[in-house]
Amino acid sequence: QVQLVESGGGLVQAGGSLRLSCAPSGSIFGINAMGWYRQAPGKQRELVARITTGGSTNYGDSVKGRFTISRDNAKNTVYLQMNSLKPEDTAVYYCNVEVVTSPLRKIDYWGQGTQVTVSS
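Keep in mind that this is a model prediction, so the values were computed, not measured.

On inspection of all chains with the given rule, the structure shows five salt bridges. A salt bridge links E98 to R50, with the nearest nitrogen and oxygen atoms 2.7 Å apart. Here E98 is found in strand β9 (residues 91-102), whereas its partner R50 is found in strand β5 (residues 46-52), with 48 residues between them in sequence. Ionic pairing is found between R66 and D89, a salt bridge with its closest N-O pair at 2.8 Å. On the criterion of sequence distance, the pair formed by R66 in the loop between β6 (57-59) and β7 (67-72) and D89 in the loop between β8 (77-82) and β9 is long-range, its members being 23 residues apart. We classify R66 as buried; its relative accessible area is 11%. Taken together, the salt bridges that share partners define one network made up of R38, E46, R66 and D89.

So, in structure tokens, the structure goes:
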């Protein structure tokens with residue numbers, strides 16, 4: 001049973017910074033990309049940031065210029081550096097791992113989520 005272990009969430013004041021990390025507790029083969037999604041109460045889960053094995057990235061519009069995603073391919077660890085945090089960033093953040101086992105099979109793994117709360 002492979003688990004995605006997330007850390008770094010917590011309470012921070014507006015304008016502050018947090019760094020999230022996520023890594024599998026076991027081996028995962030065929031990882032294509034890793035990323036972070038978030039969900040606030042009453043809202044749909046949305047993309048925060050995503051990075052492929054080759055280093056291509058994409059970000060949600062609301063976090064561009066403030067958040068940076070990075071990945072350690074050797075350790076299959078993904079990081080999210082969050083700067084200039086705003087109260088509207090408050091949400092549960094979920095780690096995601098995209099796995100391609102064959103041209104016909106794709107699998108998504110999800111972490112349990114970590115709470116990020118930004119106070120005024």
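As enumerated under the stated definition, the model contains one disulfide in all. Between the sulfur atoms of C22 and its disulfide partner C95 the distance amounts to 2.1 Å. When the S-S torsion is -85 degrees, as for the bridge of C22 with C95, the disulfide is left-handed. Of this pair, C22 sits in strand β3 (residues 18-24) while C95 sits in strand β9, placing them 73 residues apart in sequence. Accessibility expressed as a relative area gives 0% for C95, which makes it buried.

This structure, assessed with the given rule, holds one aromatic pair. Arranged with centres 5.3 Å apart and planes meeting at 65 degrees, the rings of Y37 and W110 form a pair that is edge-to-face. Here the residue Y37 occupies a position in strand β4 (residues 31-39), and W110 occupies one in strand β10 (residues 105-110), the gap between them amounting to 73 residues. Over the ring of Y79 we find R19, and its NZ or CZ is 4.3 Å from the ring centre. Between R45 and the ring centre of Y94, over which it is positioned, the NZ or CZ distance is 3.9 Å.

A volume near 180 Å³ is recorded for the largest pocket. Lining the largest pocket are 13 residues, with R38, A40, K43, E46 and E88 positioned closest to its centre. Residue classes in the lining of the largest pocket are distributed as two nonpolar, four polar and seven charged.

Attention shifts here to the sheet that holds β8. Read across the open sheet, the four strands follow the order β1-β3-β8-β7; overall the sheet is antiparallel. Edge positions in the sheet fall to β1 (4-7) and β7, since each of these pairs with one other strand and no more. Going across the sheet, the axis of each strand differs from the next one's by a mean of 15 degrees, ignoring polarity. The pairing of β1 with β3 spans four bridges and is antiparallel.

Basis of the calculations
- Residues numbered from 1 in each chain as written.
- Predicted model: local features only at pLDDT ≥ 70, side-chain atom pairs only at ≥ 80, totals over all residues.
- Heavy atoms only, no water.
- Salt bridge = Lys/Arg side-chain N within 4 Å of Asp/Glu carboxyl O.
- Helix = DSSP H or I, 4+ residues; strand = E, 2+ residues; numbered from the N terminus.
- Buried < 20%, exposed > 50% of the residue type's maximum accessible area, 1.4 Å probe, protein only.
- Disulfide = S-S within 2.5 Å.
- Phe/Tyr/Trp six-rings, centres within 6.5 Å; stacked < 30°, edge-to-face > 60°.
- Lys NZ or Arg CZ within 6 Å of the ring centre and 35° of its normal.
- 1 Å grid on protein atoms, 1.4 Å probe; cavity = no way out; pocket = protein on both sides within 12 Å on 5 of 7 lines; lining within 4 Å.
- Points joined across faces, edges and corners; volume = space filled by probe spheres on them.
- Nonpolar A, V, L, I, M, F, W, Y, C, P; charged D, E, K, R; others polar.
- Pairing = 2+ DSSP bridges.
- Axes fitted to C-alpha atoms, helices over the stretch in contact; angles between N-to-C directions.

Note that all results are geometric; they support no functional claim without further evidence.
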